[in-house]
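Structural characterization, general
If you want the building blocks of each chain, they are given just below.
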Amino acid sequence: MNIKIYHLKLIPVFLLSLVLTQPAAAQRGRTHWAADGYQYYRQTDKDGIVELDTRDASKKIVLISTEMLTPAGKSPLKVANFFLSDDGKKVLIFTNTARVWRYNTRGDYWVYDLAAKTLKQIGAARPVSSLMFAKLSPDGTKAAYVSGHNIFTEDLASGVVKQLTFDGSQTLINGTFDWAYEEEFDCRDGFRWSPDSRSIAYWQINAANTKKYLMLNTTDSIYPYVIPVEYPVAGENPSSCKIGVVDVSTGKISWMNIPGDAIQHYIPRMEWTTNSNEIILEQLNRAQTESKVFTANVSNGTARVIHSESDKAWIDGKSRWNGGDPTGWEWINKGKDFLWISEKDGWRHISKIDRDGKETLITKGNYDVESLNLVDEANGYIYFLASPDNATQRYLYRIKLTGGKAERVTPMDEPGTHGYEISPNGKIGLHNFSNIYTPYQSEVISLPDHKHLGGTVIKLNQDAKNKPEFFKVKTVDGVEMDGWMVKPTNFDPAKKYPVVFYVYSEPAGATVTDSYGSGMNGEYVGNMADDGYIYISLDNRGTPAPKGAEWRKSIYKKIGIVNIEDQAMGAKEILKWPFVDSTRVAVWGWSGGGSCTLNLMFQHPEIYKTGIAVAAVGWQLTYDNIYQERYMGVPVDDESREVFIKGSPITYAKNLRGNLLYVHGTGDDNVHYKNAEMLINELVKYNRQFQLMSYPNRSHGIYEGPGTSQHLRTLYTQYLKEHCPPGGR
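Basis of the calculations
- Residues numbered from 1 in each chain as written.
- Predicted model: local features only at pLDDT ≥ 70, side-chain atom pairs only at ≥ 80, totals over all residues.
- Heavy atoms only, no water.
- Salt bridge = Lys/Arg side-chain N within 4 Å of Asp/Glu carboxyl O.
- Helix = DSSP H or I, 4+ residues; strand = E, 2+ residues; numbered from the N terminus.
- Buried < 20%, exposed > 50% of the residue type's maximum accessible area, 1.4 Å probe, protein only.
- UniProt positions renumbered as here; feature names shortened; annotations may be inferred.
- Core = buried A, V, L, I, M, F, W, Y, C linked by side-chain atoms within 4.5 Å.
- Contact = heavy atoms within 4.5 Å.
- 1 Å grid on protein atoms, 1.4 Å probe; cavity = no way out; pocket = protein on both sides within 12 Å on 5 of 7 lines; lining within 4 Å.
- Points joined across faces, edges and corners; volume = space filled by probe spheres on them.
- Nonpolar A, V, L, I, M, F, W, Y, C, P; charged D, E, K, R; others polar.
- Pairing = 2+ DSSP bridges.
- Polar contact = N/O pair within 3.5 Å; in protein donor to acceptor, adjacent residues only side chain to side chain.
- Axes fitted to C-alpha atoms, helices over the stretch in contact; angles between N-to-C directions.
- Domains from an automatic or database assignment.
- Expected span 1.5 Å × (residues − 1).
- Patch = residues over 30% accessible without salt bridge, like charges linked within 9 Å, V, L, I, M, F, W, Y side chains within 5 Å.
- Areas by Shrake-Rupley, 256 points an atom, 1.4 Å probe, with all protein chains shown as cover.
- Lys, Arg positive; Asp, Glu negative; His and termini not counted.
- Charge placed at Lys NZ, Arg CZ, Asp CG, Glu CD.
- pLDDT = per-residue confidence, 0-100.
- Phe/Tyr/Trp six-rings, centres within 6.5 Å; stacked < 30°, edge-to-face > 60°.
- Lys NZ or Arg CZ within 6 Å of the ring centre and 35° of its normal.

- Under an unreviewed UniProt entry, the chain has the name S9 family peptidase and belongs to Mucilaginibacter xinganensis.

Here's what the structure looks like:
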């Protein structure tokens, strides 16, 4: 259920002014750096694609002007993404994009030849906006792309197109992924050029036996029509997955012989090694409790295990600790070793693994590595984000490749949340910062001394009014949770105020972060503090805070139980505060937060009087298998299904006593509207009165169509004010 983080966490998404759009080959890419690591490229509406210098903001070289981006007889291309060839002589341009599930990953591609000064469309014979994940070959002579679930190459000099796979269909997917892989592993780009440009390795997903979820579109034509989506719910088999390697010249496909049942495992990562006859991949068993790393010989298809590990709960894939990006493999020592991250010692740490599987721990101690930002092998360091002393914050650290003590790079006088894009040479950082009371700022810094080179000089907003406050609360069970609170403007401690809890509570996201936007409620029309509400959020056990694996994984097979108990017991402690009105207590959340809201309203009606739940999973057995089975196990019999039922809000719906507003989009392809109708039936069965708002044909984000967002915000605000009146008493 990751969508709620991207669309709905209600923390504004700010980007570095220096960071470019994502490269065409991977929707979540990095800045386009020049070879020396000091220059970088960006697209501007006025000048086209330009080269800038991190050390001198006045330097700007136009690489491709707007005029050069204008095909004969047409308007200038609107550049969504671009990607330079390895030799810097060609630029691949992504434009005219179209949405696939969540992101615009289909579109048209053009190549600009910097030497010949020519602009040429590739895949021109394919349907408009149908190309996906186009990439230039390492030698710069060809482009490859996916269209119609088949893989094509195109010679850039002659324009000759060669189709490499012919079996692609709606359910047999070459070079990209089905809904579940995309949603839960962040896998989208499903093919890789070999280093020698002679072969392409790719995923093939076979969803033919995956049952279709039939969504009904009742608004876009006179007659409603059905939209089938291959969607494996918990307990249903995943789509099968295998890896093929196709020879670009001959079209011959070799399938890698990866041990195990192709249906009962996942392959969330696959890359070429440092040579063109070998690939490396990670395989997870269906329960995601066992990870194996294989290398496979392309010539004969044989594979061998070089690393394996297991966990009593689950194993997080790379996308979970790398900002949603599962691509890339961190090779060092000329391909003899690679870096790996695991939690098997109780904390998320970096290790070095050689090709024989020998493992050496690099980071040590009671702290979690949050993301691996750069391997600066030339200078012998790894840069990573962590926060050993405060789970709500993030800072840059570095450690020697040989291990030792990690040193903090981020200045000590900038408390909050920091993000970095580091140049390939490890000497420049694009740094962004915010905290709960300081809006996002960005600067260019030198590394490792963290000296300011350009952009905004980072400055804390010490003059911020009515700053959100961080606090800790300990429950009767001894669980200590971080929280933030925004008190009413002109707060009077002698009065009692209503409290509104914002919840998410599941393993896919944390709400209590020291970053700008925490404490804000984007669904409220007006200012909650000015109107007299206390606004609070708590992060319970099971949320992905950097507090160690035991904290995160204590929710295993207990979603809907552990998180609900922690939230409720935390609320009970808060209700003891003298300025909190225990008769006016509201809770709200979206997606997983909607599920939490329902469970809190149903399981603890003595605490929560008003709830607003949006796009909630009401019955866990309706949600996709990759997410739900990762955290709840694989339901194979009545006993293993019981934990899903025990954690589902619908199980407790008969206990509703308070005021409930339930909101859902009928076109939700993530948490299907079936959840709403199952909940409605249960509430009707027990004569529990509630208010329902269905948004026709809206997706999980409920934003499509004129007026939708404003309507939802108005509804939310009016309902809250009516049933949980604001103001001190």
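Additional details are given in the paragraphs that follow.
**Thoughts on the pattern of salt bridges**
- As enumerated under the stated definition, the model contains 33 salt bridges in all.
- Linking Arg-99 and Glu-704 is a salt bridge whose minimum nitrogen-to-oxygen distance equals 3.6 Å. With Arg-99 in strand β6 (residues 90-100) and Glu-704 in the loop between β44 (691-695) and α11 (708-723), this pair connects stretches of sequence that are 605 residues apart.
- Since its relative accessible area comes to 34%, Arg-99 is described here as partly exposed.
- Between Arg-398 and Glu-407 there is a salt bridge; the shortest N-O distance is 3.0 Å.
- Using a relative accessible area of 12% as the deciding quantity, one classes Arg-398 as buried.
- Residue classification places Glu-407 among the partly exposed positions, given a relative accessible area of 35%.
- Shared partners join several salt bridges into a network, and the residues in it are Asp-311, Asp-316, Arg-320, Glu-343, Arg-348, Asp-368, Glu-370, Arg-394, Arg-552 and Lys-553.

**Digging into unusual backbone geometry**
- With an omega of 10 degrees, the peptide bond running from Leu-447 to Pro-448 counts as cis.
- Among the secondary structure elements, Pro-448 is positioned in the loop between β34 (438-446) and β35 (451-455).
- Located in the positive-phi region is Phe-133, a residue other than glycine, with phi close to 55 degrees.
- Among the secondary structure elements, Phe-133 is positioned in strand β9 (residues 131-136).
- Residue Asn-490 is not a glycine yet carries a positive backbone phi of 55 degrees.

**Some points on the UniProt feature "domain: Peptidase S9 prolyl oligopeptidase catalytic" (unreviewed entry) in the chain**
- UniProt feature "domain: Peptidase S9 prolyl oligopeptidase catalytic" (unreviewed entry): in the numbering of this structure it lies at residues 528-716.
- Helix makes up 38% of residues 528-716 and strand 18%. Its end C-alpha atoms lie 12 Å apart.

**Examining the nonpolar core**
- With 49 residues, the main nonpolar core has Tyr-181, Ile-243, Ile-279 and Leu-281 as its most contacted residues.
- When sequence neighbours within four positions are dropped, the list of residues in contact with Ile-279 reads Ala-201, Ile-243, Met-256, Met-270, Glu-271, Trp-272, Thr-273, Phe-294, Thr-295, Ala-296 and Val-298.
- Counting 45 residues, the second-largest nonpolar core is a separate cluster that includes Ile-536, Leu-538, Ile-574 and Ala-653.

**Some points on the layout of surface pockets**
- Within this model, the second largest pocket holds a volume of roughly 630 Å³.
- Taken together, 26 residues form the lining of the second largest pocket, with Arg-99, Val-100, Trp-101, Gln-170 and Val-229 sitting closest to its centre.
- Mapped by element, the contributors of at least two residues to the lining of the second largest pocket are β6, α2 (179-185), β16 (212-217) and β17 (225-230).
- With four residues, the single largest contributor to the lining of the second largest pocket is β17.
- Across the lining of the second largest pocket, the residue classes tally to eleven nonpolar, seven polar and eight charged.

**With respect to the UniProt feature "domain: Dipeptidylpeptidase IV N-terminal" (unreviewed entry) in the chain**
- Those places that UniProt annotates as "domain: Dipeptidylpeptidase IV N-terminal" (unreviewed entry) correspond, in this numbering, to residues 85-440.
- This span, residues 85-440, is 3% helix and 49% strand, and a straight line between its end C-alpha atoms measures 33 Å.

**A short note on the sheet that holds strand β2 (residues 39-44)**
- The antiparallel open sheet is built from four strands, whose spatial order is β1-β2-β3-β4. Each edge of the open sheet is held by one strand with a lone partner, namely β1 (32-33) and β4 (56-64).
- Inspection of the sheet shows β1 paired to β2 by two bridges, in the antiparallel sense. Within β2, the residue paired with His-32 across the bridge is Tyr-41.

**Overview of the side chain of His-418**
- Along the polypeptide, His-418 turns up in strand β32 (residues 417-422).
- With a relative accessible area of 3%, His-418 lands in the buried category.
- Among the polar contacts listed, one links the side chain of His-418 to the backbone oxygen of Glu-414, at a separation of 2.7 Å.
- Not counting chain neighbours up to four residues away, the residues in contact with His-418 comprise Leu-385, Arg-394, Tyr-395, Thr-410, His-431, Asn-432 and Phe-433.

**Brief notes about the sheet that holds strand β23 (residues 303-310)**
- One open sheet holds the four strands; their spatial order is β20-β21-β22-β23, and the pairing between them is antiparallel. Strands at the two margins of the open sheet, each flanked by one partner only, are β20 (265-272) and β23. Strand-to-strand twist in this sheet, taken as the mean axis angle between neighbours without regard to direction, amounts to 20 degrees.
- Relative to β23, strand β22 (residues 290-297) is paired through seven bridges, and the arrangement is antiparallel. Among the inter-strand pairings, Glu-290 is bridged to a residue of β23, identified as Ser-310.

**Quick word on the domain arrangement of the chain**
- What the domain assignment lists for the chain is domain 1 (1-163), domain 2 (166-305) and domain 3 (469-723).
- Between domain 1 and domain 3, the C-alpha centre-to-centre distance is 39 Å.

**A look at α11**
- Its 16 residues place the ends of α11 23 Å apart at the C-alpha level, agreeing with the 22 Å of an ideal helix rising 1.5 Å per residue.
- For α11, every residue scored as buried is listed here: Thr-708, Leu-712, Leu-715, Tyr-716, Thr-717, Tyr-719 and Leu-720.
- For α11, the secondary structure elements touched by its buried residues are β38 (497-502), α4 (528-531), β41 (580-590), β42 (610-614), β43 (659-665) and β44.

**Re a negative patch on the surface**
- There is a patch of like negative charges on the surface, built from Asp-86, Asp-87, Asp-139 and Asp-196.
- Positionally, Asp-87 belongs in the loop between β5 (81-84) and β6.
- With relative accessibility at 40%, the residue Asp-87 sits in the partly exposed group.

**Considerations on the confidence of the model for the chain**
- Of all residues in the chain, 96% have pLDDT values of 70 or greater, and the mean over the chain is 94.
- Within the model, the stretch residues 1-29 combines pLDDT values under 50 with 117 contacts to residues more than four positions away or in other chains.

**Notes on the pairing of β9**
- Counting buried positions over the six residues of β9 gives six, a clear majority of the element.
- When strand β7 (residues 103-113) meets β9, the two strands line up antiparallel, connected through two bridges. Within the sheet, the bridge partner assigned to Arg-106 lies in β9 and is Met-132.
- One ladder, built from three bridges, connects β9 with strand β10 (residues 142-147); its direction is antiparallel.

**Topic: the packing of aromatic side chains**
- In the structure shown here, the tally under the stated rule is 31 aromatic pairs.
- Judged by centre distance (5.8 Å) and plane angle (70 degrees), the ring pair of Trp-329 and Phe-338 falls under edge-to-face.
- When the centroid spacing of 5.5 Å and the interplanar angle of 75 degrees are considered together, the rings of Trp-331 and Phe-338 count as edge-to-face. The pair formed by Trp-331 and Phe-338 is uniform in burial state, with each residue classed as buried.
- Grouping aromatic residues by their ring pairs yields a cluster made of Trp-179, Tyr-213, Tyr-231, Trp-314, Tyr-556, Tyr-623, Tyr-627 and Tyr-631.
- Directly above the aromatic system of Trp-329 lies the positively charged group of Arg-269, at a separation of 4.0 Å from the ring centroid.
- A cation sits over an aromatic face here: Arg-408 above Tyr-395, 3.7 Å from the ring centre.

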